[in-house]
Amino acid sequence: MKPDEFTIDILKILEKDSRTTLSQIAAMTGKSEDEVQKAVASLEGQGIIRRYKTVIDWQKTGLECVNAYIDVKVAPSRGVGFDDVAGRIARFPEVHSIYLVSGELDLRIIVTGKTILDVAHFVSEKLSTIDRVQSTITHFVLKCYKEDSVIFGEPSDDKRLPVVP
């Protein structure tokens, strides 16, 4: 069943800021707090809202953290395609996200480790040893400028010239 406009509004509000209170959502949508509470509980119960998230700028913490995108070539299997391999990969704690993608390679995995060696160990000892994984290409993140619609770094003045008709 497709969500109605009220439900979509709630999802967009919570996606932008999961700390938005029920009373704030009610004011923003023109609905009662009780209606919002029931809608959010229903969305959670259906598994549409999976969890609430905080976006952290890890570079500012001074802690060492390495993120990498790993593109994987997989031989699909009759009846399950890529799903069984993706499910197996998803269970590793290093895996932040995994996507089936179009193009030359099949899966894109986002991995987090404390060091580059941790990520290298994951690729060589865990990922590459999975049956039907044919090849991997690893891209290390050097700097994060924006994540989940949040711009990192110091705000700067817009230096573009104004456009005048």
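Note that the coordinates shown come from a computational prediction; the quantities given were computed from them, not determined experimentally.

Chemist: How should the packing of aromatic side chains be read in this particular structure?
Modeler: Given two aromatic rings, their pairing is described by the distance between the two centres and the angle made by the two planes. Taken as a whole and judged by the stated rule, the model has one aromatic pair. An angle of 85° between the planes, with centres 5.5 Å apart, marks the rings of Phe 92 and Phe 122 as edge-to-face. Here Phe 92 is found in the loop between α4 (83–90) and β2 (95–100), whereas its partner Phe 122 is found in helix α5 (residues 116–127), with 30 residues between them in sequence. Under the relative-accessibility criterion, Phe 122 is labelled buried at 0%. Over the ring of Phe 6 we find Lys 31; its NZ or CZ atom is 5.3 Å from the centre of that ring.

Chemist: Where do I start with helix α1 (residues 5–16) in this structure?
Modeler: Working note: α-helix, 3.6 residues per turn, so residues spaced by three or four point in the same direction. Relative to the 16 Å expected for 12 residues at 1.5 Å per residue, α1 spans 17 Å between its end C-alpha atoms, a close match to the ideal helical length. All buried positions along α1 are accounted for by Phe 6, Thr 7, Ile 10, Ile 13 and Leu 14. Seen from one end, α1 has its buried residues packed into an arc of 125°, which puts them on one side. Those residues of α1 that are exposed and aimed more than 90 degrees away from the buried face are Glu 5, Lys 12, Glu 15 and Lys 16. Considering only its buried residues, α1 is in contact with α2 (22–29) and α3 (33–45).

Chemist: Help me understand the environment of Ala 39, please; the structure alone is not making it clear to me.
Modeler: By secondary structure assignment, the location of Ala 39 is in helix α3. Distance from Ala 39 to Lys 2, taken between C-alpha atoms, is 14 Å for residues 37 residues apart in sequence. Ignoring sequence-local partners within four residues, the contact set of Ala 39 consists of Phe 6 and Ile 10.

Chemist: Help me understand the sheet that holds strand β4 (residues 133–140), please; the structure alone is not making it clear to me.
Modeler: Each strand in a sheet pairs with its neighbour through backbone hydrogen bonds, running either in the same direction (parallel) or in the opposite one (antiparallel). Judged by pairing direction, the sheet is antiparallel, and its four strands sit side by side in the order β2-β3-β1-β4 without closing on themselves. Two strands bound the open sheet, and with one partner strand each, they are β2 and β4. Sheet twist, expressed as the mean angle between neighbouring strand axes with direction ignored, is 20°. Direction of pairing for β2 relative to strand β3 (residues 107–113): antiparallel, over a ladder of five bridges.

Chemist: Just to check I follow, could you spell out the pattern of salt bridges for this structure?
Modeler: Where side chains of opposite charge bring their charged atoms close, a pairing between them can arise. Enumeration over the complete set of coordinates arrives at five salt bridges. Across the pair Asp 84 and Arg 132 runs a salt bridge whose closest N-O atoms are separated by 2.8 Å. Of this pair, Asp 84 sits in helix α4 while Arg 132 is found in the loop between α5 and β4, placing the two residues 48 residues apart along the sequence. The class of Asp 84 is partly exposed, set by a relative accessible area of 35%.

Chemist: So what exactly am I meant to see when it comes to the packing of α1 against α3 here?
Modeler: Where α1 meets α3, the closest approach of the two axes is 11 Å, and the angle between their N-to-C directions is 80°. When the axes of α1 and α3 are compared, the pair comes out roughly perpendicular. Packed against α1, whose contacting residues are Phe 6, Thr 7, Ile 10, Leu 11 and Leu 14, the element α3 presents Glu 35, Val 36, Ala 39, Val 40 and Leu 43 at the interface.

Chemist: Explain unusual backbone geometry here, please?
Modeler: Among all residues except glycine, the phi angle is most often negative; among peptide bonds, the trans geometry is most common. The backbone phi angle of Arg 132 is positive, close to 80°, even though this residue is not glycine. The backbone of Ser 149 shows a phi angle near 70°, a positive value even though the residue is not glycine. Within the fold, Ser 149 resides in the loop between β5 (146–147) and β6 (150–151).

Chemist: Which parts of the structure should I look at to understand the environment of Pro 93?
Modeler: You can see Pro 93 is positioned in the loop between α4 and β2. Sequence separation of Pro 93 and Val 80 is 13 residues, and the distance between their C-alpha atoms is 23 Å.

Chemist: I'm lost on the state of the cysteines in this one. Help?
Modeler: In a disulfide, the sulfur atoms of two cysteines are held together by a covalent bond. The tally for this structure, following the rule as stated, stands at zero disulfides. Cysteine Cys 65 remains unbridged, with the sulfur of Cys 144 as its closest cysteine sulfur at 10 Å.

Quick notes on the rules
- Residues numbered from 1 in each chain as written.
- Predicted model: local features only at pLDDT ≥ 70, side-chain atom pairs only at ≥ 80, totals over all residues.
- Heavy atoms only, no water.
- Phe/Tyr/Trp six-rings, centres within 6.5 Å; stacked < 30°, edge-to-face > 60°.
- Helix = DSSP H or I, 4+ residues; strand = E, 2+ residues; numbered from the N terminus.
- Buried < 20%, exposed > 50% of the residue type's maximum accessible area, 1.4 Å probe, protein only.
- Lys NZ or Arg CZ within 6 Å of the ring centre and 35° of its normal.
- Expected span 1.5 Å × (residues − 1).
- Arc of directions from axis to C-beta.
- Contact = heavy atoms within 4.5 Å.
- Pairing = 2+ DSSP bridges.
- Axes fitted to C-alpha atoms, helices over the stretch in contact; angles between N-to-C directions.
- Salt bridge = Lys/Arg side-chain N within 4 Å of Asp/Glu carboxyl O.
- Parallel < 35°, antiparallel > 145°, perpendicular 65-115°, else oblique.
- Disulfide = S-S within 2.5 Å.

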